[in-house]
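# Reading the structure
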Amino acid sequence: MAKDAAAVKAKPKKEKKSSGKFSRFFKDLKSEVKKVVWPNKKQVKNNTLVVLGFMAVAAVFLWIIDGILGLIVHLIFGA
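Since the structure is predicted, the reported quantities are computational estimates derived from the model, not experimental observations.

## What to know about the overall build of the protein chain
Counting its regular elements, the protein chain contains three helices and zero strands. Across the protein chain, helices and strands are ordered from the amino to the carboxyl terminus as α-α-α. A buried classification covers 0% of the 79 residues belonging to the protein chain. Entry remark: accessible area of the protein chain is about 8,300 Å², with carbon and sulfur atoms responsible for 70%.

Next up, the structure:
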């Protein structure tokens, strides 16, 4: 009987319900979102223009490279 009591005590306790983990997660999420520094309208507009400008430059660069490589393939294979 002593062995049975020791075996019962040796079992690990079950963890708390998973709902506690979810509530803790959302509390932590809320506190982290409060720390975010959101850009103002002027910064968003400026960053958007920078991205669009870079995309335009990249598109022109790729268009030129595509034309050159297409010309080389045309000269080699005579299609």
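Now that the structure is up, let's keep going.
## Examining the packing of aromatic side chains
In this structure the tally under the stated criterion is one aromatic pair. With centroids separated by 5.2 Å and ring planes inclined at 75 degrees, the aromatic side chains of phenylalanine 25 and phenylalanine 26 adopt a geometry described as edge-to-face.

## Thoughts on the confidence of the model for the protein chain
Across the protein chain, pLDDT averages 85, with 76% of residues at or above 70. No element of the protein chain has a lower mean pLDDT than helix α1 (residues 2–10), which averages 57, and none a higher one than helix α3 (residues 41–77), which averages 97.

## Topic: a nonpolar patch on the surface
Residues Val60, Phe61, Leu62, Trp63, Ile64, Ile65, Ile68, Leu69, Ile72, Val73, Ile76 and Phe77 make up a contiguous nonpolar surface patch of roughly 1,300 Å² in combined accessible area. Along the chain, the position of valine 73 falls in helix α3.

## Structural notes on the pattern of salt bridges
All told, the structure shown has two salt bridges when counted by the stated rule. Between arginine 24 and aspartate 28 there is a salt bridge, and its shortest N-O distance comes to 3.6 Å. Residue arginine 24 and its partner aspartate 28 are both found in helix α2 (residues 18–34); the two are separated by four residues, about one turn of the helix. Classification of arginine 24 as exposed rests on a relative accessible area of 54%. Among the residues examined, aspartate 28 registers a relative accessible area of 34% and is labelled partly exposed. Between lysine 35 and glutamate 32 there is a salt bridge whose closest N-O contact spans 3.2 Å.

Conventions adopted
- Residues numbered from 1 in each chain as written.
- Predicted model: local features only at pLDDT ≥ 70, side-chain atom pairs only at ≥ 80, totals over all residues.
- Heavy atoms only, no water.
- Helix = DSSP H or I, 4+ residues; strand = E, 2+ residues; numbered from the N terminus.
- Buried < 20%, exposed > 50% of the residue type's maximum accessible area, 1.4 Å probe, protein only.
- Areas by Shrake-Rupley, 256 points an atom, 1.4 Å probe, with all protein chains shown as cover.
- Phe/Tyr/Trp six-rings, centres within 6.5 Å; stacked < 30°, edge-to-face > 60°.
- pLDDT = per-residue confidence, 0-100.
- Patch = residues over 30% accessible without salt bridge, like charges linked within 9 Å, V, L, I, M, F, W, Y side chains within 5 Å.
- Salt bridge = Lys/Arg side-chain N within 4 Å of Asp/Glu carboxyl O.

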